[in-house]
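Here are the chains, one letter per residue:
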Amino acid sequence: MYAIEVEKLTKKFHGFVAVDSISFSIERGEIFGLLGPNGAGKTTTMSMLSTMLKPTSGRASVNDFDILKSEDDVRRSIGIVFQDQSLDEELTAHENMDFHGRLYRVPKDLRQKKITELLELVELEDKKDNLVKTFSGGMRRRLEIARGLLHEPEVLFLDEPTLGLDPQTRNRLWQYIEELNKEKGITLILTTHYMEEADRLCDRVAIIDKGKIIAMETPENLKKSIGGDVITISSPENDDLHAMIRLQPWVNHADLHNSSVTINLKNAEQHIAEIVTLSSANKITINNISIHKPTLEDVFLHYTGRTIREEEAKTKDRMRMMRRMRTR
Ligand SMILES: Nc1ncnc2c1ncn2[C@@H]1O[C@H](COP(=O)(O)OP(=O)(O)OP(=O)(O)O)[C@@H](O)[C@H]1O
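Within each chain, residue numbers correspond to sequence positions counted from 1 in written order. Owing to the predicted nature of the model, reporting of local features is limited to residues with pLDDT of at least 70; listing and counting of side-chain atom pairs is limited to 80 or more, with chain, interface and lining totals taken over all residues. Side-chain metrics in this entry use all non-hydrogen atoms of the structure; hydrogen atoms and water are not considered.

Per an unreviewed UniProt entry, the recorded name for the protein is ABC transporter ATP-binding protein, and the organism is Methanolobus halotolerans. UniProt positions are given in the numbering used here, feature names are shortened, and annotations may be inferred rather than shown by experiment. On record in UniProt, under Subcellular location (unreviewed entry), the comment for the protein is "Cell membrane". Looking at the protein in UniProt, the text filed under Sequence similarities (unreviewed entry) is "Belongs to the ABC transporter superfamily. Drug exporter-1 (DrugE1) (TC 3.A.1.105) family."

Here you go:
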């Protein structure tokens, strides 16, 4: 039985197609990731599935409830942790939890028990009487996740759960997410533009670009699908380098993007010396050269010819952090 079923779901904003006829199903207990660059349509998809936004066309069900016909049932059966935090700054962690529990009519006894259990899970029990405005970004995210679980949802939606967090806090949050999934069997659907996050957490990943799903598989199979090794070279003469490399018979695929050339090939080690010799003979300077096994970034590049714009992501992180600082 599926936790989520989506069929040709589409969202247009004044004629602009933000989500373009996507279809997928998520098994109960699965961690499913929507991976893509900014503006790919991830949040719009999550907003439709959580009934915050009406689709233009297509259909979807969550926990067997139709998102258009049974909005209230869908909402009761899901937890949501979205990008822009919605905690009340002037309340304590406990008060924020309690307020949410009342909203969802969780009976008092159960509510107190669950609040303690969940605050312990996210290691905030000793901070329960502190005002949220004194919390760090990581603490807020953990509290939001605990709050999203208070009414015991079967499916939890996490929109960019670790955006703007430092690597250590991000790692800890990944552990919470994994524990939640294993211990409580909760189905998780998350969006991210962090490759590492999708790779580490997700049972399956849908790579989404310009509103369309361009690949959907386990991270392992996605990486296997492009096969071989990847060599990345940066050079001031990238165009010439790309033109030269792509003609070599041992090259499966070569992409020119931003400041580097990425080559997909078999047995990369055997061709490094040849690349250096060829470059030198053609007066092409090599600033940097590296070999690695394919990552999800390479998968995205393979299917779209572009990288997921990490720089853009970083800019967005900074904007969010600034906004968060302003609202404190
Ligand atoms: N309310 C809206 N009105 C008009 N356009 C919108 C609206 N919401 C989203 N869009 C556009 O739809 C596209 C998809 O946006 P969406 O937020 O779903 O992307 P995303 O993949 O979640 O990226 P991000 O990480 O930046 O949120 C973008 O081009 C965005 O500008």
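Along the backbone of the protein there are 12 helices and 14 strands. Evaluated residue by residue, the protein yields a buried proportion of 51% over its 328 residues. For accessible areas, the Shrake-Rupley method is used with a probe of radius 1.4 Å. Any residue's cover is judged against the shown protein chains and nothing else. About 15,600 Å² of surface is accessible on the protein, with carbon and sulfur atoms providing 50% of the total. Here the positive residues are Lys and Arg and the negative ones are Asp and Glu; neither His nor the chain ends is included. Charge coordinates come from a single atom per side chain, which is NZ of Lys, CZ of Arg, CG of Asp or CD of Glu. A distance of 4 Å separates the average location of the 47 positive side-chain charges in the protein from that of its 52 negative side-chain charges. Numbered from the N terminus, helices here are DSSP runs of H or I no shorter than four residues, and strands are runs of E no shorter than two. Here the term buried applies to any residue with accessible area under 20% of the maximum for its type, exposed to any over 50%, and partly exposed to those in between, with areas from a 1.4 Å probe on protein chains only.

Salt bridges are defined by distance alone: a side-chain nitrogen of Lys or Arg within 4 Å of a carboxyl oxygen of Asp or Glu. Using the criterion set out here, one finds 23 salt bridges in the structure. The shortest N-O distance in the salt bridge between arginine 172 and glutamate 123 comes to 2.5 Å. One end of the pair, arginine 172, is in helix α6 (residues 167-184); the other, glutamate 123, is in the loop between α4 (108-121) and α5 (137-148), and 49 residues separate them in sequence. Accessibility expressed as a relative area gives 26% for arginine 172, which makes it partly exposed. You can call glutamate 123 partly exposed: its relative accessible area is 42%. Ionic pairing is found between aspartate 129 and lysine 128, a salt bridge with its closest N-O pair at 3.6 Å. The exposure class of aspartate 129 is exposed, given its relative accessible area of 55%. Judged by relative accessible area, which is 26%, lysine 128 ranks as partly exposed. One salt-bridge network, in which partners are shared between bridges, spans Lys114, Glu117, Glu152 and Lys184.

What follows covers the sheet that holds strand β6 (residues 78-81). Between any two strands, at least two bridges found by DSSP are needed for them to pair. Spatial ordering of the open sheet is given by β6-β7-β8-β3-β9-β10, a layout of six strands whose pairing is mixed. Two strands bound the open sheet, and with one partner strand each, they are β6 and β10 (212-217). Strand-to-strand twist across the sheet, computed as the mean angle between neighbouring axes with direction ignored, equals 15°. Here strand β3 (residues 31-35) pairs with strand β8 (residues 187-192) via five bridges, running parallel. Its bridge partner being in β8, leucine 35 is matched across the sheet by threonine 192. By definition in these notes, contact holds between two residues if any of their heavy atoms fall within 4.5 Å. Where helices are involved, their axes are fitted lines through C-alpha atoms of the stretch in contact, as for all axes, and angles between N-to-C directions lie from 0 to 180°. Sheet contacts for helix α1 (residues 42-49): β3, β7 (155-159), β8 and β9 (204-209); angle to β8, the most-contacted strand, approximately 150°.

Reading across the sheet, the four strands line up as β2-β1-β4-β5 and stay open at both edges, with antiparallel pairing between neighbours. Each end of this open sheet is capped by a strand with a single partner; those strands are β2 (16-27) and β5 (65-66).

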